[in-house]
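Each chain is listed here by its residues.
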Amino acid sequence: MEDRLVGTNVPVLSVSLNPGESIVAKAGEFCWMTDSIEMSAGQSSAVDGDADAALLLSTFTAKEAAGTIAFACKLPGSILGVDVSPAAEYLVHQHGFVVGTPGIRVGPGFRQPFSAGMYAAEGFRLQRISGEGRAWIEFAGEVVRLELAAGESLRTHPGHVGMFAASVAFQLMRVPGITNPYFGPEAHHFAA
């Protein structure tokens, strides 16, 4: 298996598969694939019984010959590959998972409901990327990597949370003093 990014502002992830190799992705999210790639029916990746947070995943396999399948960012930004293992799991924004090797699991990681505003319909959600293998994650805009020392914390707007190690403590906190009803509830919270 070989991956490469094509383009700059709205990159495309191109994955070349040898015969018999597979990847899993959200159903219907591919851009193009060669004739040798076979797509199987989607399967749910719900874990811990949370059907609301399930992703419908399809498996793409190179059958008798090598083949290529591609996935694109929906907005200008980046696609980053990460190695996942039981010691290296990640929480990512709710639309972050693009594609992964067959050992990758995608499930609910964090959810907090809101009653109105930008996140009202679904609440604020993060996906947990676990299992064993490689996953590719999509980010809108620029990616800024921050390393926190043990015990150090950072507060950010919930809409700017992209990805972090699952071992990091995370919570949404109410911003003290903001009571303007014209702001949605996400303006009343920050991620810590």
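All residue numbers refer to positions counted from 1 along the written sequence of the respective chain. For a predicted model such as this one, the threshold for reporting local features is a pLDDT of at least 70, and the threshold for listing and counting side-chain atom pairs is 80 or more; totals across whole chains, interfaces and linings nevertheless cover every residue. Processing note: side-chain calculations cover all non-hydrogen atoms of the structure and skip hydrogens and water entirely.

1. Description of the overall build of the protein
- Think of it this way: any DSSP run of H or I at least four residues long counts as a helix, any run of E at least two long counts as a strand, and we number them from the N terminus. Tallying secondary structure elements over the protein gives zero helices and 17 strands in all.
- Partly exposed residues are those whose accessible area sits between 20% and 50% of the maximum for their type, while under 20% is buried and over 50% is exposed, using a 1.4 Å probe and protein chains only. Each of the 192 residues in the protein was classed as buried or not, and the buried ones make up 39%.
- Here the protein displays about 10,600 Å² of accessible surface, and carbon together with sulfur accounts for 53% of that area. Values of accessible area rely on a 1.4 Å probe in the Shrake-Rupley scheme; residue burial ignores everything except the protein chains shown.

2. Side note on the pattern of salt bridges
- Salt bridges are defined as contacts in which a side-chain nitrogen from Lys or Arg sits within 4 Å of a carboxyl oxygen from Asp or Glu. Here the structure, examined in full by the defined rule, presents five salt bridges.
- Two residues, Lys 74 and Glu 29, come together in a salt bridge whose shortest N-O distance is 3.2 Å. One end of the pair, Lys 74, is in the loop between strand E8 (67-72) and strand E9 (77-84); the other, Glu 29, is in the loop between strand E3 (22-26) and strand E4 (32-33), with 45 residues separating them in the sequence.
- Between Glu 138 and Lys 74 there is a salt bridge, and its shortest N-O distance comes to 3.2 Å. Taken as a pair, Glu 138 in strand E14 (residues 133-140) and Lys 74 in the loop between E8 and E9 lie far apart in primary sequence, 64 residues in all.
- Among the charged side chains, a salt-bridge network with shared partners connects Glu 29, Lys 74 and Glu 138.

3. A word on the nonpolar core
- Here the nonpolar core consists of buried residues drawn from Ala, Val, Leu, Ile, Met, Phe, Trp, Tyr and Cys, with membership extended through side-chain atoms lying within 4.5 Å. Judged by nonpolar contacts, the single largest core of 15 residues is most densely connected at Ile 23, Phe 71 and Val 99.
- Contributions of two or more residues to this core are made by strand E2 (12-17), E3, strand E7 (56-62), E8 and strand E11 (97-100).
- At three residues, the largest contribution of residues to this core is made by E2.
- Each residue touching Phe 71, except ones within four places of it in the same chain, is listed here: Pro 11, Val 12, Leu 13, Ile 23, Ala 25, Glu 29, Phe 30, Cys 31, Ile 79, Val 98 and Val 99.
- Grouped together as the second largest cluster of nonpolar side chains are 12 residues, Tyr 90, Val 106, Ile 129 and Ala 135 included. In what follows, a contact means two residues having at least one pair of non-hydrogen atoms within 4.5 Å.

4. Focus: the sheet that holds strand E12 (residues 104-112)
- Any two strands with at least two DSSP bridges between them are considered paired. Strand order in the open sheet formed by four strands is E12-E13-E10-E15, with antiparallel pairing between adjacent strands. Two strands in the sheet have a free side with no partner beyond their single neighbour: E12 and strand E15 (163-165). Ignoring strand direction, the axes of neighbouring strands in this sheet form an average angle of 25°.
- Alignment of E12 against strand E13 (residues 124-131), held across eight bridges, turns out to be antiparallel. Across the sheet, residue Ile 104 finds its bridge partner in E13, namely Gly 131. Note on geometry: axes are lines fitted to C-alpha atoms, helical ones only across the stretch in contact, with angles between N-to-C directions running from 0 to 180 degrees.

5. A few points about a nonpolar patch on the surface
- Patch building starts from residues that exceed 30% relative accessible area and form no salt bridge, then joins like charges within 9 Å and nonpolar side chains (Val, Leu, Ile, Met, Phe, Trp, Tyr) within 5 Å. Taken together, the side chains of Val 144, Leu 146, Leu 148 and Leu 154 make up a nonpolar region of the molecular surface, amounting to roughly 390 Å² of accessible area.
- Tracing the backbone shows Val 144 in the loop between E14 and E15.

6. Things to note about the environment of Ile 23
- In this structure, Ile 23 sits in strand E3.
- The class for Ile 23 is buried, based on a relative accessible area of 0%.
- In this structure the C-alpha to C-alpha distance between Ile 23 and Arg 134, which are 111 residues apart in sequence, comes to 9.6 Å.
- Those residues in contact with Ile 23, other than ones at most four positions away along the chain, are Met 1, Val 15, Leu 17, Ser 58, Thr 59, Phe 60, Ile 69, Phe 71, Val 99, Gly 100 and Pro 102.

7. Some points on the sheet that holds strand E1 (residues 2-6)
- Pairing in this open sheet of four strands is antiparallel, and the strands run E1-E2-E8-E4 from one edge to the other. Unpaired on one side and paired on the other, E1 and E4 mark the two borders of the sheet.
- Summarising the sheet, E1 and E2 pair through five bridges and their orientation is antiparallel. Of the residues in E2, the one forming a bridge with Leu 5 is Leu 13.

8. Details of the confidence of the model for the protein
- Each residue carries a pLDDT value, the predictor's own confidence for that position, ranging from 0 to 100. Put simply, the protein has an average pLDDT of 83, and 80% of its residues get 70 or more.
- E2 holds the highest mean pLDDT among the elements of the protein, 96, whereas strand E6 (residues 43-44) holds the lowest, 58.

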